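Spelled out, the chains give:
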Amino acid sequence: MSPEWDRIIAAARRAQATADGPWCGYIYDLEILRKHVSRLVATLPANCDLFYAIKANSDYPILDTLAPLVAGFEIASGGELAWVRTCFPHLPVIFGGPGKTDAELDQALKASLEYIHVESMGELMRLGLLARQHDLSQAILLRINLPLGQAHDVPLAMGGRATPFGIDAALLPECLQLLESFPELRLEGVHFHLMSGQLDAAVHLGLLEHYFRTLEGWERTHGLSVRHVNVGGGIGVNYRNPGQPFDWPGFTDGLHELIDRMDLSKWRIRFEIGRYLTASCGAYAMEVLDIKRCFGRTFVVGRGGTHHFRTPYAQGHSHPFFVLPIDRWSRPYPRLAANDEPVTVVGQLCTPKDVLATDISVDQVRLGDLLIFTLAGAYAWHISHHDFLRHPHPEQIFLSIQECLNVAAE
Ligand SMILES: Cc1ncc(COP(=O)(O)O)c(C=O)c1O
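Computed from a predicted structure; not experimentally measured. (Residues numbered from 1 in each chain as written. Predicted model: local features only at pLDDT ≥ 70, side-chain atom pairs only at ≥ 80, totals over all residues. Heavy atoms only, no water.)

**Details of the overall build of the protein**
Formally: Per the convention used, a helix needs a DSSP run of H or I reaching at least four residues, while a strand needs a run of E reaching at least two, with both numbered from the N terminus. All radius of gyration figures rest on C-alpha atoms, and the globule criterion is 2.2 Å times the number of residues raised to 0.38. The rule is simple: take the accessible area with a 1.4 Å probe, protein chains only, and divide by the maximum for that residue type; under 20% is buried, over 50% is exposed, in between is partly exposed. The contact criterion used throughout is that any non-hydrogen atoms of two residues lie within 4.5 Å. Here Asp and Glu are counted as negative and Lys and Arg as positive; His is not counted, and neither are the chain ends. In plain terms, the charge of a residue is placed at NZ if it is Lys, CZ if Arg, CG if Asp and CD if Glu.
Per the secondary structure count, the protein includes 12 helices and 19 strands. In terms of overall dimensions, the protein is globule-like: its C-alpha atoms have a radius of gyration of 23 Å, near the 22 Å expected for 410 residues. When the backbone C-alpha atoms are referred to their principal axes, the protein occupies close to 75 × 50 × 45 Å. For the protein, with 410 residues in total, the buried portion stands at 55%. A sequence separation of at least 24 residues applies to 75% of the contacts in the protein between residues at least 6 apart. Taken as two groups, the 35 positive and 46 negative side-chain charges of the protein have centres that lie 3 Å from each other.

Given below as structure tokens:
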């Protein structure tokens, strides 16, 4: 375990030792986040910008750590827009996502956003009419859904097939025609976000090349003049095999080469990544409440569950975790344990779906030990159904950069 994990472990031990009852919580290490994202930004080609898709985790300390590092934030609702504008009034913001209401479009027009990503012909028309009504002009990108080959099968497909996201590429001529009736809207580029969860850097690079070639074709056939290409997010986190992460260095080397080979310095290429930026800085910790055997399977029941940490259920995997042994034990009953056997980790909910990991071998786990789930900083607390069963919410601990540097210096 790296020294960075020592900080998270120490914080979990401290929090549990001082808790009133069985403890669970999220711990985020902002120094891990700062280092990781600084490295990503430093390796991108000069004409590329990294935006953070805040849907992955929009907690203030996370955004505050990222704000000086990234080119801006990508938001997907009026709520996210209000939050970002309150906390970071001057940061560039781009607004995507389906089903924008008139009120949200109105709010966006008045907030001087850098770009609104238009998701449909209907949205284009509503945005144009609202801009006219307010006598405002707005720069937009069109979000396009394209046919893709089989090589691009991933867990979360947002395009390449029938989905509610973006405008079918076949409708582009019609869409451009509609746009001519709205001089208030300035088309400055195209947006693609066709998938999430991509673990193969070469396949992802191939996808980007497909976007670029398609766009060059449209420049020729439709006379499009594009300044920006938004290639979305979608870089995966390898929950099933954390030792084999997405090959970011290989990806960025390939991207430099692709940009040179296709002479793409004419465009600004924008990424709006969520999961890959914040997943690794967070952990979810649960105290073991019960250990029981049923029909040949050993269940470890933790404080909390998928109502706090829905990621494993949402992604359909056994989430990686380790057991943090807690030696203190003062309860007046025997300390149950599972030794050298596969365990299934569940939470406190009354549903068989409340499973975080299935049949994972552990050396030992006892009542009162902590289970630390890694890679829990993205699409974790923020996608969970917090109030199902009205259990207490987990503690939220943010290890500040200064705190982390002090520990490192000790
Ligand atoms: C339009 C859009 N952009 C960016 C993202 C971020 O994707 P990821 O977290 O996979 O990088 C999403 C995620 O759903 C999205 O819908």
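Next comes the rest of the write-up.
**Regarding unusual backbone geometry**
With a phi angle near 55°, Leu375 is a residue other than glycine that sits in the positive phi range. Structurally, Leu375 can be placed in the loop between β18 (370-373) and β19 (395-399). Leu375 gets classed as buried once you look at its relative accessible area, which sits at 15%. Although it is not a glycine, Tyr379 adopts a positive phi angle of roughly 45°. When its relative accessible area of 17% is taken as the criterion, Tyr379 is described as buried.

**Quick notes on the packing of helix α5 (residues 102-110) against helix α6 (residues 121-134)**
Note the following rule: Fitted lines through C-alpha atoms give the axes, limited to the stretch in contact for helices. The angle between two N-to-C directions lies from 0 to 180 degrees. An angle below 35 degrees is read as roughly parallel, one above 145 as roughly antiparallel, one from 65 to 115 as roughly perpendicular, and any other as oblique. Definitions for this section: a left-handed crossing has its near helix turned counterclockwise from the far helix by less than a right angle. A right-handed crossing has that turn clockwise.
The geometry of α5 relative to α6 is characterised by a closest axis approach of 10 Å and an angle of 50° between their N-to-C directions. One element, α5, and the other, α6, form an angle in the oblique class. Judged by the sense of rotation from one axis to the other, the crossing of α5 with α6 is right-handed. Residue-level inspection shows Asp102, Leu105, Asp106, Leu109 and Lys110 of α5 in contact with α6, the latter providing Glu123, Arg126, Leu127, Leu130, Ala131 and His134.

**Quick word on the site of the ligand**
As a reminder, the rule being used: Note on terminology: near, applied to a residue and a molecule or strand, indicates that one of the residue's heavy atoms is within 4 Å of it. By the criterion applied in these results, polar contacts are pairs of N or O atoms within 3.5 Å in which, for protein atoms, one can donate a hydrogen and the other can accept it, and in which residues neighboring in sequence qualify only through two side-chain atoms. The Shrake-Rupley method, run with a 1.4 Å probe, gives the accessible areas here. Residue values count only the displayed protein chains as cover. Two kinds of site are reported from a 1 Å grid over the protein atoms alone, namely cavities, where a 1.4 Å probe fits but cannot get out, and pockets, open sets with protein on both sides within 12 Å along at least five of seven lines, and residues are called lining when an atom falls within 4 Å of a point. Molecules are considered to sit inside a cavity or pocket once more than half of their atoms lie within 2 Å of its grid points. By the convention adopted, Pro, Cys, Tyr, Trp, Phe, Met, Ile, Leu, Val and Ala count as nonpolar, Lys, Arg, Asp and Glu as charged, and the other residues, Gly among them, as polar.
Not every one of the 15 residues close to the ligand is listed here, only the nearest: Ser196, Gly234, Glu272, Arg275 and Tyr379. In the model, an oxygen atom of the ligand is placed 2.9 Å from a nitrogen or oxygen of the Gly274 main chain. Within the backbone of Arg275, one N or O atom sits 2.8 Å away from an oxygen atom of the ligand. Across the complex, the protein chains shield 92% of the 390 Å² of accessible surface that the ligand would expose by itself. One can see that the ligand is located within the second largest pocket. Taken together, the residues that form the shell around the ligand break down as four nonpolar, six polar and five charged.

**Topic: the domain arrangement of the protein**
To keep it simple, the criterion reads: Bear in mind that the domain bounds are from an automatic or database domain assignment. The term buried area means the drop in 1.4 Å probe accessible area that two parts suffer when joined, counted for both and summed. The rule for a salt bridge is simple: a side-chain nitrogen of Lys or Arg has to be within 4 Å of a carboxyl oxygen of Asp or Glu.
By domain assignment, the protein separates into domain 1 (3-28 + 280-409) and domain 2 (92-273). For domain 1 versus domain 2, the distance between C-alpha centres works out to 37 Å. Carbon and sulfur atoms supply 64% of the area that domain 1 and domain 2 bury against each other, a total of about 610 Å² over both sides. The largest contributions to the domain 1 side of the interface with domain 2 come from Gln315, His317 and Leu375, which together make up 66% of the buried area. Counting across the interface, domain 1 meets domain 2 through zero salt bridges. In this structure, the connection of domain 1 to domain 2 is made through one residue pair in polar contact (both at pLDDT 80 or more). Tallied by class, residues from the side of domain 1 that touches domain 2 come to three nonpolar, six polar and no charged.

**Considerations on empty space enclosed by the protein**
Put simply, the rule is: Grid points are joined across faces, edges and corners, and a volume is the space filled by probe spheres set on the points.
A complete count under the given rule lists one cavity of 30 Å³ or more for this structure. The computed volume of the largest cavity comes to approximately 30 Å³. Forming the walls of the largest cavity are Phe192, His193, Leu194, Met195, His204, Leu207, Tyr211, Val231, Gly232 and Gly233. It is helix α8 (residues 201-222) that contributes the most residues to the lining of the largest cavity, three residues altogether.

**Some details on the pairing of strand β5 (residues 115-118)**
Which entries qualify depends on this criterion: If DSSP finds at least two bridges between two strands, the strands pair. Look down the strands so they point away from you; if going from the first strand over the helix to the second traces a clockwise path, that crossover is right-handed.
Side-chain alternation along β5 places Tyr115 and His117 on one buried face and Ile116 and Val118 on a second face that is also buried. Judged from the two bridges that link them, strand β4 (residues 93-95) and β5 form a sheet pairing that is parallel. What sits directly across from Ile94, in β5, is Tyr115. Tracing the backbone out of β4, into α5 and back to the parallel element β5 gives a crossover that is right-handed. Sheet topology places β5 next to strand β6 (residues 138-145); three bridges connect them, and they run parallel. What sits directly across from Ile116, in β6, is Ile140.

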